[in-house]
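# Reading the structure
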Amino acid sequence: PWAITVNGRLVGWGGFQREDGGADFALVLHHADWGLGRSLYRVILERGFTEFGFDAVTIGLPYSRDATVPLARFGFQPDGETSYGGIAFRPALAS
């Protein structure tokens, strides 16, 4: 994972974990910096597909977060349901 800084200030962390043919992606921002998410997603996903050569990128959203519409702006589409540690998640896939 990467520490994400803006103007020398830590605003969050994020990164990729390689999977078969692609990667899982996470981005966690300090609440005060949520407005940076759109620009950060664009830059980081671009790196994933071009620099790292991923065929697909997946994110997992807990049901407490309904970000389906905003994530569709980045090309993510719902991709079933999964669980981790007994908690249900809604995966979304971009390719």
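Residues numbered from 1 in each chain as written. Predicted model: local features only at pLDDT ≥ 70, side-chain atom pairs only at ≥ 80, totals over all residues. Heavy atoms only, no water.

### Focus on the overall build of the protein
To keep things clear, this is the line we draw: By definition, any uninterrupted DSSP run of H or I lasting at least four residues is a helix, any uninterrupted run of E lasting at least two residues is a strand, and each is numbered from the N terminus. Throughout, the radius of gyration refers to the C-alpha atoms, and the reference size of a globule is 2.2 Å times the residue count to the power 0.38. Each residue is assigned to one of three classes by its accessible area relative to the maximum for its type, calculated with a 1.4 Å probe on protein chains only: buried under 20%, partly exposed between the two thresholds, exposed over 50%.
Secondary structure summary: the protein contains two helices and seven strands in total. Taken from N to C terminus, the helices and strands of the protein fall in the order β-β-β-α-β-α-β-β-β. Against the 2.2 N^0.38 benchmark of 12 Å for 95 residues, the protein shows a C-alpha radius of gyration of 13 Å, consistent with a compact globule. Its C-alpha atoms put the protein at 40 × 30 × 25 Å along the principal axes. The buried share of the protein, reckoned over its 95 residues, is 32%.

### Notes on the layout of surface pockets
For clarity, the cut-off: Definitions used throughout: a 1 Å grid over protein atoms alone; a cavity as a set of points that fits a 1.4 Å probe which cannot get out; a pocket as an open set with protein on both sides within 12 Å along at least five of seven lines; a lining residue as one with an atom within 4 Å of a point. Grid points are joined across faces, edges and corners, and a volume is the space filled by probe spheres set on the points.
In this model, the largest pocket occupies a volume close to 1,300 Å³. What lines the largest pocket is a set of 32 residues, among which A26, L27, Y41, G60 and L61 lie closest to the centre. Those elements giving two or more residues to the lining of the largest pocket turn out to be strand 2 (9–19), strand 3 (22–29), helix 1 (37–50), strand 4 (56–62), helix 2 (68–72), strand 6 (82–84) and strand 7 (87–94). If you tally residues by element for the lining of the largest pocket, the top one is strand 3, at six residues.

### As for the nonpolar core
A general trend in soluble globular proteins is that nonpolar side chains are found buried together. Put simply, the rule reads: Working definition of a nonpolar core: buried Ala, Val, Leu, Ile, Met, Phe, Trp, Tyr and Cys residues. They are joined through side-chain atoms within 4.5 Å. A contact between two residues is defined here by any heavy atoms of the two lying within 4.5 Å.
If you look at the biggest cluster of nonpolar residues, it comprises 19 residues, and the most contacted ones within it are F25, L27, Y41, L45, I59, L71 and F76. Elements with a contribution of two residues or more to this core: strand 3, helix 1, strand 4 and strand 7. Non-local contacts of L45, meaning those with residues more than four positions away in its chain, are made with F16, F25, V57, F74 and F76.

### A word on the side chain of D33
Among the secondary structure elements, D33 is positioned in the loop between strand 3 and helix 1. Apart from the residues lying within four places of it in its own chain, the contact partners of D33 are R9 and V11.

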